[in-house]
Amino acid sequence: QVQLVESGGGLVQPGGSLRLSCAASGSIRYINTMRWYRQAPDKGREFVADITSGGSTTYAESVNGRFTISRDNAKNLVYLQMNSLKPEDTAVYYCNADVKDIWRRMNGYWGQGTQVTVSS
C-alpha cells in the first residue's frame, strides 16, 4: 500500500507565496514521475506541473514562471513553490505519483488534496 499526503495549503493574499509538500510512504520500491494537479470550484481537475525522477520538469502555461516543482528522491517528497499567487490559483491541489511498489507493480496514486485560497 502506498499513501500520498499533501500539506502546506492555506489562505494567502494576491501576490503572496505558498509552498506545498507531498510525502509518499508505504511499500515503495521506486517513484517515477510526480505531479501536481488542481481543481477549482465547479471546474475539472487540471494539470499544474510534473517532475521526472531525473529532475525534468513540465508546467502548465498558466503557472509557468510563477510556480516551481522540485523533489527529494531520498525522502520521497515533492514540492510546489507557488509565487505571485493570483485569485484564479484558488483550488484544491492534489499530488499524483507513478509508483513501483516492492512487488514491482506500477500504479498511479493520488493524495487527498490541500486547499489553497488566494484572496484579499
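Above this text sits the structure in question.
Think of each chain on its own: its residues are numbered from 1, step by step along the sequence as written. Totals for whole chains, interfaces and linings use every residue, but because this is a predicted model, local features are given only for residues with pLDDT of at least 70 and side-chain atom pairs only at 80 or more, for both listing and counting. The side-chain values count all of the structure's non-hydrogen atoms but skip hydrogen atoms and water molecules.

(A) Summary view of the environment of glutamine 39. Helix and strand definitions here come from DSSP, where helices need a minimum of 4 consecutive H or I residues and strands a minimum of 2 consecutive E residues; each element is numbered from the N-terminal end. Along the chain, glutamine 39 falls in strand β4 (residues 28-39). Judged by relative accessible area, which is 26%, glutamine 39 ranks as partly exposed. Each C-alpha atom of the pair glutamine 39 and valine 92 lies 5.3 Å from the other, and the pair is 53 residues apart in sequence. Between two residues, a contact is recorded if the distance between any of their heavy atoms is within 4.5 Å. In this structure glutamine 39 touches Gly44, Arg45, Ala91, Val92 and Tyr94, once residues within four positions along its chain are discounted. Exposure is judged per residue with a 1.4 Å probe applied to protein chains only, and the accessible area is read against the type maximum: over 50% gives exposed, under 20% gives buried, and values in between give partly exposed.

(B) Just the pairing of β4, in detail. Sheet analysis places β4 next to strand β9 (residues 91-101), joined by nine bridges and oriented antiparallel. Each residue of the ladder has a partner; that of glutamine 39, found in β9, is valine 92. Here, any two strands with at least 2 DSSP bridges between them count as paired. Pairing geometry for β4 and strand β5 (residues 45-51), over six bridges, is antiparallel. Looking at the pairing, tyrosine 37 lines up with phenylalanine 47 of β5.

(C) Fine view of the environment of valine 92. Inspection of the secondary structure assignment puts valine 92 in strand β9. On a C-alpha basis, the gap between valine 92 and serine 27 in space is 26 Å, while along the polypeptide they are 65 residues apart. Among residues more than four places away in sequence, those in contact with valine 92 are Tyr37, Arg38, Gln39, Gly113, Thr114 and Gln115.

(D) Seen up close, the packing of aromatic side chains. Paired rings are identified among Phe, Tyr and Trp, the last through its six-membered ring, by centres lying within 6.5 Å, and are further divided according to the angle between planes into stacked (under 30 degrees), edge-to-face (over 60) and tilted (the rest). Summed over the entire model, instances satisfying the criterion amount to two aromatic pairs. Aromatic side chains tyrosine 37 and phenylalanine 47 sit 5.8 Å apart centroid to centroid with 80 degrees between the ring planes, which places their arrangement in the edge-to-face category. Of this pair, tyrosine 37 sits in strand β4 while phenylalanine 47 sits in strand β5; the two residues are ten residues apart in sequence, bridging distant segments of the chain. Summarising the aromatic geometry, the rings of tyrosine 37 and tryptophan 110 are spaced 5.1 Å apart at their centres and angled 55 degrees between planes, so their arrangement reads as tilted. Of this pair, tyrosine 37 sits in strand β4 while tryptophan 110 sits in strand β10 (residues 106-110), and the two are 73 residues apart along the sequence. Aromatic ring contacts, followed pair by pair, group Tyr37, Phe47 and Trp110 into a single cluster. It is arginine 45 that lies over the ring of tyrosine 94; its NZ or CZ is 3.7 Å from the centre. Directly above the aromatic system of tryptophan 110 lies the positively charged group of arginine 45, at a separation of 4.6 Å from the ring centroid. Lysine and arginine charges are scored as sitting over a ring when NZ or CZ, respectively, is within 6 Å of the ring centre and within 35 degrees of the ring normal.

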